[in-house]
Amino acid sequence: MDNLINFLTAGILAAAPLLFGVLGEILAERSGNLNLGVEGMMFMGGIAGIVGIYYYEKAGGTNPYVALIIGLVCSLACAGLGALIFSVLTITLRANQNVTGLALTMFGTGFGNYFGEAIGNADPSGFLSVSTAVKGIFNSPVFPQPLVELPIVGKLLFSHNFMVYLAVILAVVMAFFLGRTRAGLNLRAVGESPATADAAGINVPKYRYLATCLGGAMTGLGGLYLVMNAGAGVGGAWVHNCISGYGWLAVALVIFAVWSPKRAILCSLIFGGLACMRYYYPISFIPSSIYDIVPYIVTAVVLVFVSLKHNRSNQPPESLGLSYFREER
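Residues numbered from 1 in each chain as written. Predicted model: local features only at pLDDT ≥ 70, side-chain atom pairs only at ≥ 80, totals over all residues. Heavy atoms only, no water.

## What to know about the overall build of the protein
The helix and strand tally for the protein stands at 15 helices and zero strands. The C-alpha radius of gyration computed for the protein amounts to 20 Å, which stays within 12% of the reference 20 Å derived for 329 residues, consistent with globular compactness. Overall, the protein is about 55 × 45 × 40 Å in size when its C-alpha atoms are taken along their principal axes. Residue burial in the protein is summarised as follows: out of 329 residues, 50% are buried. In the protein, of all internal contacts separated by at least 6 residues, the share reaching a separation of at least 24 is 77%. Carbon and sulfur atoms form 69% of the exposed surface of the protein, whose accessible area is close to 15100 Å². Across the protein, the centroid of the 17 positively charged side chains sits 10 Å from that of the 14 negatively charged ones. (Helix = DSSP H or I, 4+ residues; strand = E, 2+ residues; numbered from the N terminus. Rg over C-alpha atoms; globule rule 2.2 N^0.38 Å. Buried < 20%, exposed > 50% of the residue type's maximum accessible area, 1.4 Å probe, protein only. Contact = heavy atoms within 4.5 Å. Areas by Shrake-Rupley, 256 points an atom, 1.4 Å probe, with all protein chains shown as cover. Lys, Arg positive; Asp, Glu negative; His and termini not counted. Charge placed at Lys NZ, Arg CZ, Asp CG, Glu CD.)

## Describing unusual backbone geometry
Comment: phi is negative for the bulk of residues other than glycine, and the bulk of peptide bonds are trans. For I152, which is not a glycine, the phi torsion comes out positive at approximately 60°. Among the secondary structure elements, I152 is positioned in the loop between α6 (145–148) and α7 (153–158). Phi is positive for S244, which is not a glycine, with a value near 45°. Position of S244 relative to the elements: it lies in the loop between α11 (204–228) and α12 (246–256). With a relative accessible area of 44%, S244 lands in the partly exposed category.

## Looking at the packing of helix α3 (residues 64–92) against α11
For any two helices packed against each other, the geometry is given by the interaxial angle and the distance between the axes. The contact between α3 and α11 brings their axes to 7 Å, and the two run at 140°. The pairing of α3 with α11 is recorded here as oblique in orientation. Here α3 and α11 pass one another in a crossing that is right-handed. (Axes fitted to C-alpha atoms, helices over the stretch in contact; angles between N-to-C directions. Parallel < 35°, antiparallel > 145°, perpendicular 65-115°, else oblique. Left-handed = near helix turned anticlockwise from the far one by under 90°.)

## A short note on the environment of G220
Residue placement: G220 occurs in helix α11. Distance from G220 to L150, taken between C-alpha atoms, is 33 Å for residues 70 residues apart in sequence. Contact partners of G220, with chain neighbours within four places excluded, come to M41, G45, G46, S75 and A79.

## Looking at the nonpolar core
Formed by 77 residues in total, the largest nonpolar core has its most connected members in I50, L128, F138, M228 and W238. The greatest single-element share of this core, amounting to 12 residues, is contributed by helix α2 (residues 38–58). Ignoring anything within four residues of it in the chain, the contact list for F138 reads I53, L68, N161, F162, M163, L224, M228 and N229. (Core = buried A, V, L, I, M, F, W, Y, C linked by side-chain atoms within 4.5 Å.)

## Topic: the pattern of salt bridges
Side-chain pairs of opposite charge can arise whenever the charged atoms involved come near each other. In this structure the tally under the stated criterion is one salt bridge. Salt-bridge contacts for D123 lead to K58; the nearest nitrogen and oxygen are separated by 3.1 Å. A residue pair is termed long-range when its members are at least 10 positions apart, and D123 in the loop between α4 (97–122) and α5 (132–139) and K58 in helix α2 qualify at 65 residues. (Salt bridge = Lys/Arg side-chain N within 4 Å of Asp/Glu carboxyl O.)

## Quick word on the state of the cysteines
All chains considered together, the criterion is met by zero disulfides. C78 supplies the cysteine sulfur nearest to C74, a cysteine that is in no disulfide, at a spacing of 8.5 Å. In this structure C276 is not part of a disulfide, and its nearest cysteine sulfur, from C267, lies 16 Å away. In this structure C276 comes out as buried when scored by relative accessible area, which is 6%. (Disulfide = S-S within 2.5 Å.)

## Concerning the packing of α2 against α11
Between α2 and α11, the least distance of the axes is 6 Å, while the angle of their chain directions is 60°. The angle between α2 and α11 places the two elements in the oblique class. The interaxial crossing formed by α2 with α11 has right-handed handedness. In this structure, α2 uses V38, M41, M42, G45, G46, G49, I50 and I53 to contact α11, whose residues at the interface are G216, T219, G220, G222, G223, L224, L226, V227 and M228.

## So, the side chain of T90
Locating T90 in the fold gives a position in helix α3. The contacts of T90, once residues within four sequence positions are left out, are N33, A95, N96, Q97, T100 and S323.

## Describing α5
Each full turn of the α-helix corresponds to 3.6 residues, which orients residues three or four apart in the same direction. Listed in full, the buried residues belonging to α5 are V134, I137 and F138. End-on, the buried residues of α5 take up no more than an arc of 95°, which puts them together on one face. Contact partners of the buried residues in α5: α2, α3, α8 (162–180) and α11. (Arc of directions from axis to C-beta.)

## Describing the packing of aromatic side chains
If you walk through the whole model with that rule in mind, you get 11 aromatic pairs. With 5.3 Å between their ring centres and 85° between their planes, F143 and Y165 make a pair best called edge-to-face. Highlighted residues: F143 in the loop between α5 and α6 and Y165 in helix α8, separated in sequence by 22 residues. Aromatic ring contacts, followed pair by pair, group F107, F111, Y114 and F115 into a single cluster. (Phe/Tyr/Trp six-rings, centres within 6.5 Å; stacked < 30°, edge-to-face > 60°.)

Structural data, given as structure tokens:
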């Protein structure tokens, strides 16, 4: 039982960065923008967050809560900037969304690795890292110890860091926004038929810009989580290529979740569990490298089955990946 609880807890920790990425991409794709730059934006959010904290502490800052806020703001701003560049190219200049997204991934990956290595090499320690106090905020449970020590449910529900709960809260808020608010319904209309939405008086470029930029900023939090959380990586230190495919997995999970924020929670939990299964249920004759590729194999299989189902509820927004030309309305 203890091993099962530990496995489920680790799966939840591994699911959080995926959930940030999936939610950000769902928001962008609901507007009709297919942004394949999730991996790059996660790199940008991760490096910007840790660098912001690093320089705050180098300047003499000692308040870990101020460092936390700086890290979050830097992460949101840098990843949002990447999404803004994508938006300008695809919405205003009408560039191909697939090519632009791939370019953003390559740019963001190089951006993160370059500054991570350059700043780390310039530090006397030889690597880019933050203080133990800041690491503690990103990794310590939010709830008091008596709740954490409750049998079974304590570890499963109350032992996680604040970013895990933030990801779940964002999923619930986004589900309410898309399904129960006028702005959310307008956004979905833009994704389904921008010409019809435009004729109804909805500002299509505005909704696409806002959804893509906010979604990109959200994915940046997933990158920051991977950098700062000990359960997902080293914890508080930059590691070369630390995002390691989480962005691409998030893009695929959007289809698995059929563009639903609520389903994104379940999908992220499943694949978070698959990512850490080898540490809790190893099979002696299976190489560890096979465990590493299991989430990607399962993703490919799931995508095949989803594509075979032709229910309208399982299909992407009608205008996904297509630029909108108002003159052709």
